[in-house]
Amino acid sequence: MSTLIAIGAGIAVLTGIGAGIGIGIATGKATESIARQPEAEGKISKSLLLGCALAEATAIYGFVISLLIILLLK
């Protein structure tokens, strides 16, 4: 049973991969947008920070779930 707990926790942590990819793509697109329209930097930066915060929250939720799986299902 402990093997299944470890597998479940590992799968829950995989949400960090999606968050990392999403943040990387968003940052790249924001950099391109700022390079094309420097006067819109303020609006682009605000949107980028909001999107990155939401993407990072999903990774944190996955980490918390994995900790809960490990600690509560022993």
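None of the values given here were measured: they were computed from a predicted structure.

Here helix H3 (residues 41–72) contains 32 residues, and its C-alpha end-to-end distance of 46 Å stays within 8% of the 46 Å for a straight helix at 1.5 Å per residue. Every buried residue of H3 is listed here: Ile 44, Cys 52, Ala 55, Ala 59, Gly 62, Ser 66 and Ile 69. Close packing links the buried residues of H3 with helix H1 (2–13) and helix H2 (15–36).

Before going further, it helps to examine a nonpolar patch on the surface. A cluster of nonpolar side chains, contributed by Val 13, Ile 60, Phe 63, Val 64, Ile 65, Leu 67, Leu 68, Ile 70, Leu 71, Leu 72 and Leu 73, occupies part of the molecular surface with about 1000 Å² of accessible area. Sorting elements by how many residues they give to the nonpolar patch places H3 first, with nine residues. Following the sequence through the fold, Leu 68 ends up in helix H3.

Across its twelve residues, H1 extends 17 Å between first and last C-alpha, which sits within 8% of the 16 Å expected from 1.5 Å per residue. Within H1, burial applies to Ile 5, Ala 9 and Ala 12. Considered in projection along H1, the buried side chains sweep an arc of 60° and stay on one side of the axis. Residues of H1 that are exposed and point more than 90 degrees away from the buried face comprise Thr 3, Leu 4, Ala 6 and Ile 11. Buried-residue contacts for H1 involve H2 and H3.

A few words now on the side chain of Ser 66. Checked against the element boundaries, Ser 66 lands in helix H3. Of the residues examined, Ser 66 reaches a relative accessible area of 4% and is grouped as buried. Those residues within four positions of Ser 66 in sequence are excluded, and the remaining contacts are Ala 9, Ala 12 and Val 13.

Moving on: the environment of Phe 63. By the secondary structure assignment, Phe 63 is in helix H3. Judged by its relative accessible area of 47%, Phe 63 falls in the partly exposed class.

Parameters and conventions
Residues numbered from 1 in each chain as written. Predicted model: local features only at pLDDT ≥ 70, side-chain atom pairs only at ≥ 80, totals over all residues. Heavy atoms only, no water. Helix = DSSP H or I, 4+ residues; strand = E, 2+ residues; numbered from the N terminus. Expected span 1.5 Å × (residues − 1). Buried < 20%, exposed > 50% of the residue type's maximum accessible area, 1.4 Å probe, protein only. Contact = heavy atoms within 4.5 Å. Patch = residues over 30% accessible without salt bridge, like charges linked within 9 Å, V, L, I, M, F, W, Y side chains within 5 Å. Areas by Shrake-Rupley, 256 points an atom, 1.4 Å probe, with all protein chains shown as cover. Salt bridge = Lys/Arg side-chain N within 4 Å of Asp/Glu carboxyl O. Arc of directions from axis to C-beta.

Honestly, that's just the spatial picture; any functional story needs more than this.
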